[in-house]
Amino acid sequence: MNFYAVAAIYKFEMARTYRTLGQSIASPVLSTVLYFVVFGSAIGSRISDIDGINYGAFIVPGLIMLTVLAQSVSNASFGIYFPRFAGTIYEVLSAPMSFIEIVMGYVGAAASKSIIIGLIILATASFFVPLEIRHPVWMITFLVLTSVTFSLLGFIIGIWADGFEKLQLIPLLVITPLAFLGGSFYSINMLPPIWQKISLANPVVYLISGFRWSFFEQSDVRLSVSIGMVLFFLVAGFALTAWIFKTGYRLRN
Amino acid sequence: MVNTETKTAISIKGLEKVYPDGFRALHPTHLDIRSGEIFALLGPNGAGKTTLINAVCGIVNVTAGDIEVYGNNITTQYRKARSCIGLVPQELTTDAFETVWNTVSFSRGLFGKPANAGFIETTLKRLSLWDKKDQQIRMLSGGMKRRVMIAKALSHEPQILFLDEPTAGVDVELRKSMWDQVHELRSMGVTIILTTHYIEEAEEMADRVGVINKGELMLVEDKKTLMKKLGKKELVFDLHQPLTDEHEELTAMKVHSAADGLQLIYTYDTLKENNGVADVLDCLNRLHIRYRDLSTRQTSLEEIFVSLVNKK
Ligand SMILES: Nc1ncnc2c1ncn2[C@@H]1O[C@H](COP(=O)(O)OP(=O)(O)OP(=O)(O)O)[C@@H](O)[C@H]1O
Ligand SMILES: [Mg+2]
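The residue numbering used here restarts from 1 in each chain and proceeds along that chain's sequence as written. For naming, the first written chain is A and the first written ligand is 1, with later ones following in the order written. Where local features are concerned, this predicted model is filtered to residues with pLDDT of at least 70; where side-chain atom pairs are given and counted, the filter is 80 or more; whole-chain, interface and lining totals use all residues. Based on all heavy atoms of the structure, the side-chain values leave hydrogens and waters out of the count.

(A) Highlighting the site of ligand 1. Taken together, the neighbourhood of ligand 1 is formed by 16 residues, with Asn45(B), Lys49(B), Thr50(B), Thr51(B) and His197(B) sitting nearest. One heavy atom within 4 Å of a molecule or strand makes the whole residue count as near it. More than one chain reaches ligand 1: the nearby residues come from chains A and B. Pairs of N or O atoms are called polar contacts if they sit within 3.5 Å, as long as, within protein, a hydrogen donor faces a hydrogen acceptor (for residues adjacent in sequence, only side-chain-to-side-chain pairs). Here an oxygen atom of ligand 1 and a side-chain polar atom of Thr51(B) are 2.5 Å apart. A distance of 2.7 Å separates an oxygen atom of ligand 1 from a polar side-chain atom of Gln90(B). For ligand 1, the accessible surface in isolation is 630 Å², of which the surrounding protein chains cover 72%. A per-element tally of the shell around ligand 1 places helix α1 (residues 49-57) of chain B first, with three residues. In this classification, the charged set is Asp, Glu, Lys and Arg, the nonpolar set is Ala, Val, Leu, Ile, Met, Phe, Trp, Tyr, Cys and Pro, and all remaining amino acids, among them Gly, are polar. Split into classes, the residues belonging to the shell around ligand 1 amount to five nonpolar, eight polar and three charged. A 1.4 Å probe and the Shrake-Rupley method give the accessible areas. Residues count as covered only by the protein chains that appear here. Each helix corresponds to a stretch of at least 4 residues labelled H or I by DSSP, and each strand to a stretch of at least 2 residues labelled E; elements are numbered beginning at the N terminus.

(B) Molecular detail of the interface of chain A and chain B. Contact with chain A, which involves 26 residues of that partner, is made by 29 residues of chain B. Here chain A meets chain B over a buried area of about 2500 Å², counting both sides, of which 58% is carbon and sulfur. Considering only the surface of chain A that becomes buried against chain B, Tyr90(A), Pro96(A) and Asn253(A) emerge as the three largest contributors, covering 28% of it. A pairing counts as a salt bridge when a side-chain nitrogen of Lys or Arg comes within 4 Å of a carboxyl oxygen of Asp or Glu. There are three salt bridges connecting chain A and chain B. Among the ionic pairs, Glu98(B) bridges to Arg19(A), the shortest N-O distance being 3.5 Å. Between the two partners, chain A and chain B, sit twelve residue pairs in polar contact (both at pLDDT 80 or more). Put simply, the parts of the chain that give the side of chain A that touches chain B at least two residues each are α1 (3-19) and α4 (89-94) of chain A. By residue number, the principal contributor to the side of chain A that touches chain B is α1(A), which donates seven residues. Every residue pair with non-hydrogen atoms within 4.5 Å of one another is taken to be in contact. Two parts lose some accessible area (1.4 Å probe) when they are put together, and adding that loss for both gives the buried area.

(C) Structural context of the sheet that holds strand β13 (residues 263-269) of chain B. Residues and elements named next belong to chain B. The pairing criterion is simple: DSSP has to find at least two bridges between the two strands. The strand order across the open sheet built from four strands is β12-β13-β11-β14, with neighbouring strands paired in antiparallel fashion. The open sheet is flanked by β12 (255-258) and β14 (291-298), the only strands paired with a single partner. When the angles between neighbouring strand axes are averaged without regard to direction, this sheet yields 25 degrees. The pairing of strand β11 (residues 232-239) with β13 spans seven bridges and is classified as antiparallel. Paired with Glu-234 across the bridge in β13 is Thr-267. Angles shown run from 0 to 180 degrees and are taken between the N-to-C directions of axes, each axis being a line fitted to C-alpha atoms and, for helices, limited to the stretch in contact.

(D) Structural view of the side chain of Lys49(B). Residues and elements named next belong to chain B. In this fold, Lys-49 is placed in helix α1. Only protein chains enter the accessibility calculation, which uses a 1.4 Å probe. A residue is then buried if its area is under 20% of the maximum for its type, exposed if over 50%, and partly exposed in between. When charges are counted, Lys and Arg contribute as positive and Asp and Glu as negative, whereas His and the chain ends are disregarded. For the buried Lys-49, no salt bridge is present, and the opposite-charge side chain at shortest range is Glu-165, 4.4 Å distant. Only 2.8 Å separates the side chain of Lys-49 from the backbone oxygen of Gly-43, close enough to count as a polar contact. Setting aside chain neighbours within four positions, we find Lys-49 in contact with Leu-41, Leu-42, Gly-43, Pro-44, Glu-165, Thr-195, His-197 and Ile-212.

The structure is reproduced here in structure tokens:
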């Protein structure tokens, strides 16, 4: 294991985060505050409790997930796309590193940043609504697994993209709709039966449901199903990454 | 650490490269780089020099063939193979917002070496970058960036150094100092493979020269042997008076006039028994052509190179 190399990439990527710390943190915090003002206070006050949970509190896990998904994908995709674009990727390709080490460095850094942002949003939210986390360990587990999985997805997008437009396309066209329709602001039990069924095809449903369970012990799908799905996505993403490095797809000519 | 006592640093057997678009950049190529030598790869634009280097360094997939670095196969034993190699690529690709110090330390880490501030300090000082260590790379000049790339390549103490056109866009003074540094590295036992368009560079630095054109390695030779073997000499006569008439006899002997008739030049093969020099001198006497001075000059690698490349 080339730990020095993993650490080098990790540090490099985190340094990029620190350089842009203001914008990295300000924008998710600001949008969270806006969501709370609009959905939590203004509209939320007219919405009755969901499954016995105050609406303002109910949306917290969903809001965190929303941001964590978007941040993971955009951080990780940019993290690998930029060296490809600038040409500095040559050094990583010529280094004595296995693909697992390369992924650990880039995905690890992107996931770390998402986790930090997720926790900051959680802290911000606690100013607006009383929050109680029933299963903190599970909460962290879901946060970490989701961050890693979607950072891996972002990493793949960053390798696949051959232009800045494509880099933004997937988050915009796929991730955001899935996250919105994944039950960030509602319980999928509130949907007509047919839409409940369709929703189950949305991977984000399982993430939000599991994450929400760790807060309130309330979930749309069973906990074990949530965990199973997250792990499944993680393995699938990892397999795809392995294939990318094996064939050199878009990395090596 | 690999055993650098081995005679062959890099062994390339039957290397072929066809790019995904179907372009064949390298025909089957065999090449052994000796440990401790400076090897210059010469060739025109698009000859396949960079492709060859990138294949060894793992930046492009090879289509066929085997490459070993100190006995380590570059695919199956890539960790060992790559750890020995430092690469200065042709393009100046740097992380614009990183500082010199950070980017060089980053490279060292990538190649699996623990941090060593002392070594990086020495490297930066040797490349006259020490006073720039805390500057962002985007604030450096092109020549400085090139040196940062070299510092990155040297940061992990490689036994083999690839320099892909190291002196492109570098001023004369800096070029000379780079040559000195390359020699210094070799004296420390580092094997150096460089590509260049400047023949003088190969002539100045290399122990051996390879000429590549259109994906084919046309010749690999000791530089001295090469110069001798293919070397032609020119005999130059500086005349008292410009030659106005054409002399059939001279034309027949392949003596050309130059410098508006003030010079006569005779090119001959140093290896031939009868190189014709005596005949030319006789002839000039007979024609009463008087010269102030005569000199000979060796053909440079450049001319060898041009003649090789044009032959195909
Ligand atoms: N990614 C690629 N896809 C397709 N063809 C390529 C690719 N990279 C290089 N080539 C082609 O391969 C040939 C060799 O290119 P290479 O970069 O190895 O040349 P070179 O000898 O380094 O030239 P130069 O002196 O200009 O740097 C060229 O014809 C080039 O167009
Ligand atoms: Mg080149």
